[in-house]
Amino acid sequence: MPFNLVNHSAVIQLSRPRKMLPAVIVVLMLISFTRGENPAIQVILTRKGLQYGKHLGAGWVQEKLEHITLPDFNGEVLGIHYILTGITITKCDFPEPIVEFNPNNTGFTTSISGLSVALTGGWVTHFGLIHDGGSFKMAIFGLDVTSVVELGKDSDGHLSVTSVSCDAQVGDVDIRFEGGASWIFQPFVEHFKRWIRGEIRSKICPNVEESIVSLDYHLQAMEVSIQVDEDLVLDIPLTGVPVIHVSSMILGLKGEFYDRTHERPPFEAQNFTVPEQPDYMLSMGLSEFTVNSASYALYSRGWLQVLITDSMIPPYIHVRLNTSSMGPYVPQLPKMFPGLLMNLQVYASEVPMFSFQPGVVKLDLAGAVKASAIEPNSTQIPLFKLNVDLQFDGKVWVAAGRLKGSMGLQNLTLTLAGSEVGHFETDTLESLVKMGVMAGLAKLNVELGKGVVLPRMRNTQLVNTVLGVEEGFIAMCSDAEVFTDRFN
């Protein structure tokens, strides 16, 4: 008797086909999301990405089904109590499921058609005083399951998953008892087949729905904030329910950095639209709000400042940080405070703001420099204050799996904001500062040119990644490669 089938495990307790759903949603589980505000981060899963996830999930389930032992199955038919035990799958025909976005239900539809499984195991019966046992072979043919799932968000911004509908059909069941007095039970096989087919069918959807409830529970337990340090937090709840189209799903994240000890940014994320790229699995958009919220948090906690001393200046630099060396730039210093060391308190006087424009990242930085002389007893003598306004242009790109960039100085203006030593012209000092900034940028660009490896999850890395700067946001589209061997 041929056995060309699939999964009594998937059917009897249906703990297997239901595993298809978490496999399909694996991308979604990485993302959890609050109120109806503009998202600063957008993630688009395309049909190509969905189908890739489906293919991986089907292969994973197929492999697992061929190495499992199913729980005992017991019941009673025509007064005969039976136990099917030691059930093992000997052959599995697991057709690749169909998974499609479902705009009508704001989710997706998963269907498996023609699932079949061959099983072997032992049987034990009790009929009055008669106890008997032996082995059996079972085949389950033509199992069809269709599940519709709705995606949403809870009040805290977590991604939620809800079962909308489920339908299951079992085509046929064939069973052969061997050993013991199995010939006595052969006349009951047809009745038994009808009964067990009904039992299998009745267990499928409850198990599918149970798996969806379990998945939703795990999603609710996920953090919607990433703790960067003790006080700095990246807030990434959903800003609204997922948007489902026929060919894609769009998730919106808040994407805001903030410091718990300070106020949130006084600006809001602006609306933007990431173009869908159907030839890639994923498209992502990062608005300038996210970067500027990080800048605001760092500024608020006073991290955008540095005290520069003479010991920090490389020995090969001929201009030293003392009143004598600074004489050509501030003539009063050698006369009023001869032979004293100096320090410079450099800080951002306003929040540095980034702006994303087609092909370029711009940074406007308003800073200030307070210069002091240091007496031998370490007393600080205020000398003057300079305002420094800088404009930078930068580029970012992806090459060889690394995020790279470059920065250039577009403008630098230095003005005298206040002086304890009298007025002096700042032209030559501005030229000196500009040379220092350019030297610093040269070193920075060496490191930016090396780049950093694109972030990767435990089992997944981005491949074929393309990045571009658009008006108000950075767009990235990419495929993904999942290493299935690491799931084992």
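Numbers given to residues run from 1 along each chain, matching the order in which its sequence is written. Two thresholds apply to this predicted model, a pLDDT of at least 70 for residue-level local features and 80 or more for giving and counting side-chain atom pairs, whereas whole-chain, interface and lining totals are computed over all residues. Side-chain measures here rest on the full set of heavy atoms in the structure, leaving out hydrogens and waters.

A. Main features of the state of the cysteines. When two cysteine sulfur atoms lie within 2.5 Å, the pair is treated as a disulfide. In total, this model carries one disulfide according to the counting rule given. A sulfur-sulfur separation of 2.2 Å characterises the disulfide bridge that pairs Cys166 with Cys205. Measuring the twist about the S-S bond at about -80°, one finds the Cys166-Cys205 disulfide to be left-handed. You can see Cys166 sitting in strand E8 (residues 159-178) and its partner Cys205 sitting in helix H5 (residues 189-221), a full 39 residues away along the chain. For Cys166, a relative accessible area of 21% corresponds to the partly exposed category. Residue classification places Cys205 among the buried residues on the basis of a relative accessible area of 12%. Secondary structure counts use DSSP, requiring at least four H or I residues in a row for a helix and at least two E residues in a row for a strand, with both numbered from the N terminus. For each residue, the accessible area found with a 1.4 Å probe, counting protein chains only, is set against the maximum for its type, and the residue is called buried under 20%, exposed over 50%, and partly exposed in between.

B. Molecular detail of the nonpolar core. Remark: nonpolar core denotes a set of buried residues (Ala, Val, Leu, Ile, Met, Phe, Trp, Tyr, Cys) joined through side-chain atoms within 4.5 Å. Ranked by internal contacts, the top residues of the largest apolar core, which has 51 residues, are Leu84 and Met138. Only helix H3 (47-65), strand E4 (80-93), strand E5 (98-102), strand E6 (107-127), strand E7 (130-153), E8, H5 and strand E12 (248-253) provide two or more residues apiece to this core. It is H5 that provides the largest number of residues to this core, a total of 10 residues. Ranked by size, the runner-up nonpolar core spans 29 residues in total, among them Ile313, Val319, Leu383 and Phe424.

C. Quick look at the pattern of salt bridges. Whenever Lys or Arg places a side-chain nitrogen within 4 Å of a carboxyl oxygen from Asp or Glu, that contact is recorded as a salt bridge. Following the criterion strictly, the structure yields 13 salt bridges and no others. Between Arg301 and Asp229 there is a salt bridge, with the nearest N and O atoms lying 2.8 Å from each other. One end of the pair, Arg301, is in the loop between helix H6 (288-300) and strand E15 (305-309); the other, Asp229, is in the loop between strand E9 (225-227) and strand E10 (232-235), with 72 residues separating them in the sequence. Between Arg301 and Asp259 there is a salt bridge, with its nearest N and O atoms 2.7 Å apart. Of this pair, Arg301 sits in the loop between H6 and E15 while Asp259 sits in strand E13 (residues 256-259), and the two are 42 residues apart along the sequence. In this structure, a network of salt bridges that share partners links the residues Asp235, Lys254, Glu256 and Arg264.

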